[in-house]
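# Observations on chain architecture
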Amino acid sequence: MKVIVSDVVDHHYELEFLEGQGQFLQSYTETVVERIFYASGRSWDGKMQLSQFRKINVAGILGSIEDGIDVNISNPGLFSYKHFYVLFCSFFELDLNRDSMLDARDLLRYFNGTLSRRIISRIMMGKGKPSEHVPKRPPNDAKAKAKAEKRRAKGGSRYDLNVRLSDCRMTYTDFIWFLLSEIDKTSPTAVEYWFRCLDLDGDGVLSIYELEYFYDEQISRMEEEMAGDIIMLDDLMCQLSDLVRPEHEGMITLKDLRRVPPTIIPVFFDAFMNLSRFVEHESRTSCLQRQLAQLSMRALPKTSFEDVIQMRIEFLASLPNPWSEFADLEYAALLNDHEQTEQNYDETAAADSSVDAAAA
């Protein structure tokens, strides 16, 4: 796959500026390759089966960029340089020591600490996507095993006792999967990514005990940040059960979640790991409901009920993809910051020149 992407980079007119750019060229190529694997779904081991290759239609992707990658393209695809730039800058904004690795403390600063510590632990342990980082300390290290046994004897958490969080790192390619999944939780790959994070014992079922493990931290954050306005787990589970409708009460599988309408999926996952986004969903849902109601009121009674339903479906389908919407806003903000920095530099240089002239 890297050979195909490299050939596009070498010959596409919109990417000529990457020639000789070193780190940017390498990172852009890695990003496109990872996004292709991400889009194929279930490529958790870095390998793509023939059925997955056919599913993503590589020939179609290559054909779609003949007319352009970003310029005059309303919905940029996997080769988008703008999307790469957002991913690249988002990673290095968190990578304070510039070692091209993120640790748990770095990820705690993601969007001002919006993610819970427990979900960050699962992400860093490679539960969503197996990490490409190999810890320096061998996994069979005697001291690590001894400490694990000691924690087990004290009755500590029964999950991941053999994993040292201080040894865990997130590479740039790992971060690509994380950010794509965090921003757009509706994609099939994102659904599986977050399901794997929440599935503590890896049995393919989210039990009430596993969800309670994550929600306990959310309750603590509600007490600190929401002035005592707390949603108890029992109430939340009743609401989510009505939305998800699992085949077996109290046991949610990946199959159950894949049947859920896309608008519900982010609400489910954010409830257990991203409190600020979970709170935002209510206001977004209310706004969307108002828009749909206004659309129906304008159409009825002149338009048939069936046509109104079709209009509502088309309206929902026309809403921007969460990732594309995020990337557009972030790219505009990055350009604005860059222009502001250049303007400040020019003003400082002009002021220094004036001072030198006055001194002379």
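Higher on the page you've got the structure.
Residues numbered from 1 in each chain as written. Predicted model: local features only at pLDDT ≥ 70, side-chain atom pairs only at ≥ 80, totals over all residues. Heavy atoms only, no water.

### Here's the deal with the side chain of R122
By the element assignment, R122 lies in helix α7 (residues 117-124). Using a relative accessible area of 4% as the deciding quantity, one classes R122 as buried. (Helix = DSSP H or I, 4+ residues; strand = E, 2+ residues; numbered from the N terminus. Buried < 20%, exposed > 50% of the residue type's maximum accessible area, 1.4 Å probe, protein only.)

### A short note on the side chain of T173
Here T173 is to be found in helix α9 (residues 172-183). By relative accessible area, T173 is classed as buried at 9%. Not counting chain neighbours up to four residues away, the residues in contact with T173 comprise E30, E34 and E132. (Contact = heavy atoms within 4.5 Å.)

### Re the pattern of salt bridges
Inspection of every chain in the model, using the stated rule, returns 11 salt bridges. Put simply, E182 and R277 hold a salt bridge, and the shortest N to O gap is 3.1 Å. Here E182, found in helix α9, pairs with R277, found in helix α15 (residues 275-299); they are 95 residues apart in sequence, far enough to count as distant. By the burial criterion, E182 is buried, and R277 matches it. Here R259 ties to E247 by a salt bridge, and the two come within 3.4 Å at their closest N and O atoms. Of this pair, R259 sits in the loop between α13 (254-258) and α14 (265-273) while E247 sits in the loop between α12 (233-244) and β2 (251-253), and the two are 12 residues apart along the sequence. (Salt bridge = Lys/Arg side-chain N within 4 Å of Asp/Glu carboxyl O.)

### Focus: the environment of V260
Note that V260 resides in the loop between α13 and α14. For V260, a relative accessible area of 8% puts it in the buried group. Separated by 17 residues in sequence, V260 and L243 have C-alpha atoms that sit 7.5 Å apart. Setting aside residues no more than four positions away along its own chain, V260 makes contact with L243, V244 and I265.

### Considering unusual backbone geometry
In this structure, R98 takes a positive phi of about 55° despite not being glycine. With respect to the helices and strands, R98 occurs in the loop between α5 (81-94) and α6 (104-108). A positive phi angle, close to 45°, is found at F111, a residue other than glycine. Tracing the chain through its elements places F111 in the loop between α6 and α7.

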